[in-house]
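One letter stands for each residue in the lines below.
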Amino acid sequence: MTEPLGGQAGTLLVGAGNMGGALLARWIAEAKAAGEGPAAFLVAEPAPGPAVADLLKREGIAHVADVAVLGPIAADTLVLAVKPQGMGEVLKGLAFARPPGLVLTVAAGLPISFYEARLGRVPIVRAMPNMPALIGKGVSVAVANGAAGAWARARAEGLLAAAGAVRWVEDEELMHAVTAVSGSGPAYVFLLAECLEEAAIAQGLAPELARDLARATVSGAGALLDADPRGAGELRAAVTSPGGTTAAALGVLTGTEGLG
């Protein structure tokens, strides 16, 4: 296969695991809603999971196991969604019939210079989406290199917007903070729900009730935070009566042995 996209504009997605597969599903849904077909997509993934495999088959999307079998790639957009430790090997297998208009990477930790050293001075956007992208409720922060012009930035934003909100930074060093806050952040929230559930069980609640209360509390608080214009500190104060049990618990959480 020397011209996987028939010489036409299209998107090559390399990596269709949790994040890559979620993005692909969102892109296909958007394309179908707009009356477009998925023919402009090509996926390179050695071991697609059951959900992704079913999606590829159902939508008739071309799929290969390794980018090395593609030959010169004519895609306008290359999306890299493989694990950071495997990125170097993937990039070795890439060959371009013409420079892509955009290389969008969602791999954590790898700087733009890593890609430029291997791909040359092509338009590159590095992005950090997070796990709620699976349901279109994520947030992605992106940074572009100097070769990325208006088209590349708009294209990247359009692809990322399928998974949720998109924000930009101009200093790539800020991506470390982004990764710590929003990239890893869902794990912190899930840990809170886990701790609430365990505490409820320890206090005698049935496990099913404890689970339901913990999940509903966390998801409901998140929905309120999204809908209410007040800041997180104001909302916390609104639910904290002076001298009450919530204030006592927060004192522990924000103390020297807690979150403070």
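It should be noted that the structure appears before, not after, this text.
Keep in mind that this is a model prediction, so the values were computed, not measured. Each residue is numbered by its place in its chain's sequence as written, counting from 1. In view of the model being predicted, local features appear only for residues whose pLDDT reaches at least 70, and side-chain atom pairs are presented and counted only at 80 or more, with totals across whole chains, interfaces and linings using the full set of residues. Values reported for side chains reflect all heavy atoms of the structure, with hydrogen atoms and water molecules removed beforehand.

### Quick look at the overall build of the chain
So, point 1. The helix and strand labels rest on DSSP assignments: H or I over at least four residues marks a helix, E over at least two residues marks a strand, and numbering proceeds from the N terminus. Along the chain, the regular secondary structure elements total 10 helices and eight strands.
So, point 2. Seen through its C-alpha atoms, the chain measures out along the principal axes to roughly 70 × 40 × 35 Å.
So, point 3. We call a residue buried when its accessible area falls under 20% of the maximum for its residue type, exposed when it is over 50%, and partly exposed in between, using a 1.4 Å probe and counting protein chains only. The buried share among the 260 residues of the chain stands at 37%.
So, point 4. Under the convention used here, a 1.4 Å probe and the Shrake-Rupley method define accessible areas, while residue burial counts only the protein chains that appear. Carbon together with sulfur atoms contributes 60% to the accessible area of the chain, which is approximately 14,000 Å² in total.
So, point 5. In this tally, Lys and Arg are treated as positive and Asp and Glu as negative; His is ignored, and so are the chain termini. To locate a charge, the coordinates of NZ of Lys, CZ of Arg, CG of Asp or CD of Glu are taken. Charge separation in the chain, taken as the distance between the mean sites of 18 positive and 24 negative side-chain charges, equals 3 Å.

### Some remarks on the packing of helix H6 (residues 175-183) against helix H7 (residues 185-202)
So, point 1. Angles run from 0 to 180 degrees between N-to-C directions of axes, and those axes are lines fitted to C-alpha atoms, restricted for helices to the stretch in contact. Where H6 meets H7, the axes come as close as 5 Å, and the angle between the chain directions of the two elements is 30°. Judged by the angle between their axes, H6 and H7 are roughly parallel. Note on element contacts: H7 touches H6 through Gly 185, Pro 186 and Tyr 188, opposite Ala 180, Val 181, Ser 182 and Gly 183.
So, point 2. Under the convention adopted here, Pro, Cys and the residues Ala, Val, Leu, Ile, Met, Phe, Trp and Tyr are nonpolar, Asp, Glu, Lys and Arg are charged, and Gly plus all remaining residues are polar. Looking at the contact of H6 with H7 residue by residue, the class counts come to four nonpolar, three polar and no charged. Put simply, angles under 35 degrees are roughly parallel, angles over 145 are roughly antiparallel, angles from 65 to 115 are roughly perpendicular, and the rest are oblique. The contact definition used throughout considers only heavy atoms, calling two residues in contact when any of these lie within 4.5 Å.

### Brief notes about the sheet that holds strand S7 (residues 138-144)
So, point 1. Spatially, eight strands are ordered S3-S2-S1-S4-S5-S6-S7-S8 in an open sheet, and the strand pairing comes out mixed. Looking along the sheet, the strands with just one partner apiece sit at the ends: strand S3 (62-64) and strand S8 (164-168). Strand-to-strand, the axes of this sheet are offset by a mean angle of 20°, without reference to chain direction.
So, point 2. As judged from the four bridges shared by strand S1 (residues 11-14) and strand S2 (residues 41-44), these two strands associate in the parallel manner. From the neighbouring strand, Leu 12 faces S2, where its bridge partner is Leu 42. Only when DSSP finds a minimum of two bridges between them are two strands counted as paired.

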